[in-house]
Amino acid sequence: MGGNRQRALLFLLLAIAAYARLTNLGGVYLPQGIFLGGVDSYYHARRMQVLVENFPKVPLHDPYMNAPQGLDVDWFIGFDLALSWSAKLVGAIFPTAELHVAVFFGPVLGVLACLLAFSLARRLFDPVVGLLTAGLMALTPLLTGYAIVGRVDHHAAEPLLLMTTLWAAMTLRQRVSTGHHRIWLAAVGVGASLALSIIVWSGALVLAVFFSVGVVVESLRAKPVQGRSQALAGSYALVATALISLSLLLALQTRADVGSFVYYALSWLHPLLLGVAACGLAVLGITRARGRLLALGAAVCTGLSLLLLSALLFDGLGRTLGDGLAYLSRSEAQIAQVSESMPLFTGGQAFRQYGWPLALAPFVLIGFPFLLRRNGRWQGDALWQPYLWLLAAAPLAVLQLRLGSFFAPLLALFTAAAVVWAQRRIAETFAGRASRRYALPLLLLVASLPTLLLHRPVAISGTSALPDCFDALEFLRRDAPAEKTAFAPEHRPAFTTLARWQWGHWLSYFSMQANVANPLGQAPAALAGVHDSIDFFLAPSSQPAMEILRRRRVRYVMSMPMLSELASLLRQRGRLPEEMLKKEGGGQRVAAAFFSSMQGRLYHYDGRRFRIAESLVHPLRRLRLVYECRATKVVLGRPLAACKIHQHVAGAQLRGTANAGERVALRIALRTNQRRAMVYRDQVQTDANGHYRFEVPYASGRNGEVLAGAAQIESTKGTSEVQISESAVIEGGVIDVPPMR
């Protein structure tokens, strides 16, 4: 294939890769503003803004997460640093372009990964395999999904980091096999690439596993190198790089949660794995296979012994070692599974994530060694290490989709090679003309084009709940503005907002309010906030719920439909779904206990008094409805606002007198911002001296966007009207009720 034709085809494939990642442009730039994709994107955008505002300081404690305690965020900052530096650089030229950099950061990384994949495949195979590899990576749904426009996610960087690490590993292998005098430089490149990948995402530690296993296997089967001193120099360089990179990572992330797997993974697994790989390099100078096996066995046993001894001596290390080993098999520590944490063969995910290449995956995994034996034009010896990486990545991708970002590029690489090999065998067998040489690869690329439909423009990239309730987030930002302090890492917010965990990043990004629960719920401290959120909404009475609000310093509570995940919420807290979901015939019905919970009282009954199952449920006296969003949902046959916001207040204390022992009623007419009329009612009984007291959450006039009339108090003595001030509601002030007439 001529150089000009090769470059033209590569340019076309990169253009397709860019198009596949930009198809949702219309779902990002909307009349209301710029909307990012998914949930995590908003926290990356917040981190970018915090880094830009505090440059060159790198804050690692976020007081707006898991408020009021705040959170030492154990997301490593490599991706956010690269994003913020890019935004800072572009922002110096175009002051308003910082968010646009975040919008297009993923597509740029995705196209670069395709370019590097072409270069690597051409090096290992030939240009035709390189072009097909780039084409498959351009259109693989999992890879385009992570790097699609508007999705700001560190997983978008992983294919590029994978290819970079594999390129460095291939360079190291080549220099070891030829006795090159600069083996140490290639070893430094591998260590630096692995360190960079881990600082982007701690799960990238699997690359160190791939590399170490590959080096060990290669050291057992490869021919002895002539320059023993060069191999030793490479091993020393690899260990030195591990220690230097570890020091750098810990210096950048000194406040990582010491109880999390993320912290300990960098502390002991990274140097341990690279130490094993360094031993693999060192034993290449040993001529007899038995000597190599003994040396490697001693190195591995020593490392494992140190690891087990440390786990026995240090409780925290032992616990996190268990957490790390169990991580791949567990679903998620958060309230409900997110799609990327699900196993591959769950809910039809397989084809949606990989397309047709997944059908060839078993043949590629099993048959590739036989293919290599029958093709002398490719670098068979050099392909063993990436092939081992493919074998190691496959089970990880089956267990968790998010780890498919390491499997998908390797699958594209070897699938492309298998397809090109098959095409050539067919051409040789049937004496096909040269003009048909690339027919099969081209046909398979065309077959991949329908995957573009997976990323066609939609109303918004991400969950539909966000656009439905966006006006509620804007209300929170208007009602209690915090723009000047939201990005200050040392500022402690005066209050917090409690909502479901999915809303945490949207609250901090759009509303600039501190949240109790958020999607960082895998960290132990953040999971405590998630649990408090569940416990509040499912609380059977107001007393424990109000204690959570007090302890968390909550001012606002956001409620929305919950029935679809009610069972998983109950299980998350060790409760049985049957508590609130009763079997009836072939389906289920919602039990009265659900409506008596805080979720039912707030969302379904607006905090008002109601009667269910012959029981009277009293109104919530310290929570007032202040906003309901414009969009509606039909829930249990009733049209309800998609989101409601209640404010936590002290409650005005209305006191007065009537006949001893009689019941006194209170009535306040309400009209919401959606012009829905309702009545807040309460009832108390006077004591032996005829005294009574009401605790009222509504002020006469505006309560956020909800209008309330004067309080009407009735008894056998007559009626009295009371004007309640906002300050009395907020501060718990006492108001004497005029005598009834």
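As the structure is a prediction and not an experimental result, all values here were calculated from the model.

1. Some remarks on the side chain of threonine 497
At step 1: Inspection of the secondary structure puts threonine 497 in strand S5 (residues 496–498).
At step 2: For threonine 497, a relative accessible area of 0% gives the class buried.

2. Focus: the environment of valine 50
At step 1: Checked against the element boundaries, valine 50 lands in helix H3 (residues 40–53).
At step 2: Taking the C-alpha atoms as reference points, valine 50 and alanine 486, separated by 436 residues in sequence, lie 8.6 Å from one another.
At step 3: Setting aside chain neighbours within four positions, we find valine 50 in contact with Pro59 and Phe487.

3. A short note on the pairing of strand S17 (residues 677–685)
At step 1: Of the two faces of S17, the one lined by Met678, Tyr680, Asp682 and Val684 is fully buried and the one lined by Ala677, Val679, Arg681, Gln683 and Gln685 carries no buried residue.
At step 2: Hairpin remark: strand S16 (residues 663–671) followed by S17, antiparallel, with five residues in the connecting loop; positive phi at arginine 675, about 60°.

4. Description of the packing of helix H20 (residues 465–479) against helix H21 (residues 504–511)
Helix packing for two helices is described by the angle between their axes and how far apart those axes are.
At step 1: The contact between H20 and H21 brings their axes to 9 Å, and the two run at 50°. With respect to H21, the axis of H20 lies oblique. Considering the relative orientation of H20 and H21, their crossing is right-handed. Residue-level inspection shows Leu466, Phe470, Leu473, Leu476 and Arg477 of H20 in contact with H21, the latter providing Trp506, Leu507, Phe510 and Ser511.
At step 2: Classifying every residue of the contact of H20 with H21 gives seven nonpolar, one polar and one charged.

5. Some remarks on the confidence of the model for the protein chain
At step 1: Model confidence for the protein chain is summarised by a mean pLDDT of 83, while 87% of its residues fall at 70 or above.
At step 2: A low-confidence stretch, residues 330–336 stays under pLDDT 50, and its non-local contacts, those more than four residues away or across chains, total 30 contacts.
At step 3: Residue range residues 457–462 is modelled with pLDDT below 50. Its contacts to residues more than four positions away, or to other chains, number 19 contacts.

6. Comments concerning a nonpolar patch on the surface
At step 1: On the surface, a cluster of nonpolar side chains totalling about 380 Å² of accessible area is made up of Leu25, Phe104, Val108, Leu112 and Leu115.
At step 2: With four residues, helix H5 (residues 98–124) is the single largest residue contributor to the nonpolar patch.
At step 3: By the secondary structure assignment, leucine 115 is in helix H5.
At step 4: Among the residues examined, leucine 115 registers a relative accessible area of 37% and is labelled partly exposed.

7. A closer look at the sheet that holds strand S18 (residues 691–696)
At step 1: Here we have three strands laid out as an open sheet, ordered S18-S15-S23, and mixed in their pairing. Of all strands in the sheet, those bounded by a partner on one side alone are S18 and strand S23 (734–736). Taken over all neighbouring pairs, the strand axes of this sheet differ in orientation by 25° on average, direction set aside.
At step 2: As paired elements, strand S15 (residues 652–657) and S23 share three bridges and run parallel to each other. In the sheet register, leucine 654 faces S23, and the bridge partner there is isoleucine 735.

8. Brief notes about the sheet that holds strand S11 (residues 623–628)
At step 1: In spatial order, the strands read S5-S6-S14-S11; together these four strands make up an open sheet with mixed pairing. Unpaired on one side and paired on the other, S5 and S11 mark the two borders of the sheet. Strand after strand, the sheet turns through a mean of 25° between neighbouring axes, direction not considered.
At step 2: Of the strand pairs in this sheet, strand S6 (residues 554–559) and strand S14 (residues 644–648) are connected by four bridges, and their pairing is antiparallel. In the sheet register, methionine 558 faces S14, and the bridge partner there is isoleucine 645.

9. Some points on the pattern of salt bridges
At step 1: Evaluated as defined, the whole model comprises 20 salt bridges.
At step 2: The salt bridge involving arginine 630 is made with aspartate 471; its shortest N-O contact spans 4.0 Å. Note that arginine 630 is positioned in the loop between S11 and strand S12 (632–635) and aspartate 471 in helix H20, a separation of 159 residues in sequence.
At step 3: Classification of aspartate 471 by relative accessible area gives buried; the value is 5%.
At step 4: The partner of arginine 551 in a salt bridge is aspartate 532, and the shortest N-O contact between them spans 3.0 Å. Here arginine 551, found in helix H23 (residues 542–551), pairs with aspartate 532, found in helix H22 (residues 524–537); they are 19 residues apart in sequence, far enough to count as distant.
At step 5: Under the relative-accessibility criterion, arginine 551 is labelled partly exposed at 37%.

10. Thoughts on helix H8 (residues 158–178)
At step 1: Compared with the 30 Å implied by 1.5 Å per residue over 21 residues, the 30 Å span of H8 between its first and last C-alpha is a close match.
At step 2: For H8, the buried fraction is high: 15 of the 21 residues fall into the buried class.
At step 3: Once H8 finishes, glycine 179 follows within two positions and takes phi at roughly 70°, a positive value.

11. Focus on the packing of H3 against H21
At step 1: At a minimum axis distance of 8 Å, the contact between H3 and H21 shows a crossing angle of 40°. With respect to their mutual orientation, H3 and H21 come out oblique. With respect to the hand of their crossing, H3 and H21 are arranged in left-handed fashion. Contacts between H3 and H21 involve Asp40, Tyr42, Tyr43, Ala45 and Arg46 from the first element and His505, Trp506, Ser508, Tyr509 and Phe510 from the second.

12. Brief notes about helix H9 (residues 183–200)
At step 1: With 18 residues, H9 ought to run about 26 Å at 1.5 Å a step, and its terminal C-alpha atoms sit 26 Å apart, in line with that.
At step 2: Listed in full, the buried residues belonging to H9 are Ile183, Ala186, Ala187, Val190, Gly191, Ser193, Leu194, Ala195, Ser197, Ile198, Ile199 and Val200.

13. Remarks on the packing of aromatic side chains
At step 1: Scanning the entire structure with this criterion turns up 25 aromatic pairs.
At step 2: Aromatic pair phenylalanine 495 and tyrosine 556: ring centres 5.9 Å apart, planes at 75°, arrangement edge-to-face. Placement of phenylalanine 495 in the loop between H20 and S5 and of tyrosine 556 in strand S6 is noted, with a sequence separation of 61 residues between them.
At step 3: When the ring of tyrosine 692 is compared with that of phenylalanine 694, the centres are 5.7 Å apart and the planes differ by 65°; the resulting orientation is edge-to-face. For the residue pair tyrosine 692 and phenylalanine 694, the accessibility class agrees, reading buried in each case.
At step 4: Members of the aromatic cluster, joined through ring pairs, are Phe35, Tyr42, Phe470, Trp503, Trp506, Tyr509 and Phe510.
At step 5: Positioned above the aromatic ring of tryptophan 167, the side-chain terminus of arginine 123 is 4.5 Å from the ring centre.

14. Focus on the side chain of serine 41
At step 1: Mapped onto the fold, serine 41 is located in helix H3.
At step 2: Judged by relative accessible area, which is 1%, serine 41 ranks as buried.
At step 3: From its side chain, serine 41 meets the backbone nitrogen of valine 152 in a polar contact 2.9 Å long.
At step 4: Excluding anything up to four places from it in sequence, serine 41 contacts Leu36, Gly150, Arg151 and Val152.

15. Here we look at the nonpolar core
At step 1: Ranked by internal contacts, the top residues of the largest apolar core, which has 146 residues, are Phe211 and Met558.
At step 2: Examining the composition of this core, we find that 13 residues originate from one element, helix H18 (residues 404–429), more than from any other.
At step 3: Other than its neighbours up to four places away in sequence, methionine 558 contacts Leu473, Leu476, Thr497, Leu498, Ala499, Trp503, Leu507, Phe537, Cys643, Lys644 and Ile645.
At step 4: Formed by 34 residues, the second largest nonpolar core is a distinct cluster that contains Trp501, Phe537, Met546 and Leu623.

16. What about unusual backbone geometry?
Where the residue is not glycine, phi is negative for most of them; where a peptide bond is considered, it is trans in most cases.
At step 1: Cis peptide bonds are those with omega within 30 degrees of zero, and the linkage from alanine 67 to proline 68 qualifies with 5°.
At step 2: In this fold, proline 68 is placed in the loop between strand S3 (61–62) and strand S4 (71–72).
At step 3: At arginine 553, a position not held by glycine, the phi torsion is positive, near 55°.
At step 4: Mapped onto the elements, arginine 553 comes out in the loop between H23 and S6.

Rules used throughout
Residues numbered from 1 in each chain as written. Predicted model: local features only at pLDDT ≥ 70, side-chain atom pairs only at ≥ 80, totals over all residues. Heavy atoms only, no water. Helix = DSSP H or I, 4+ residues; strand = E, 2+ residues; numbered from the N terminus. Buried < 20%, exposed > 50% of the residue type's maximum accessible area, 1.4 Å probe, protein only. Contact = heavy atoms within 4.5 Å. Pairing = 2+ DSSP bridges. Axes fitted to C-alpha atoms, helices over the stretch in contact; angles between N-to-C directions. Parallel < 35°, antiparallel > 145°, perpendicular 65-115°, else oblique. Left-handed = near helix turned anticlockwise from the far one by under 90°. Nonpolar A, V, L, I, M, F, W, Y, C, P; charged D, E, K, R; others polar. pLDDT = per-residue confidence, 0-100. Patch = residues over 30% accessible without salt bridge, like charges linked within 9 Å, V, L, I, M, F, W, Y side chains within 5 Å. Areas by Shrake-Rupley, 256 points an atom, 1.4 Å probe, with all protein chains shown as cover. Salt bridge = Lys/Arg side-chain N within 4 Å of Asp/Glu carboxyl O. Expected span 1.5 Å × (residues − 1). Phe/Tyr/Trp six-rings, centres within 6.5 Å; stacked < 30°, edge-to-face > 60°. Lys NZ or Arg CZ within 6 Å of the ring centre and 35° of its normal. Polar contact = N/O pair within 3.5 Å; in protein donor to acceptor, adjacent residues only side chain to side chain. Core = buried A, V, L, I, M, F, W, Y, C linked by side-chain atoms within 4.5 Å.

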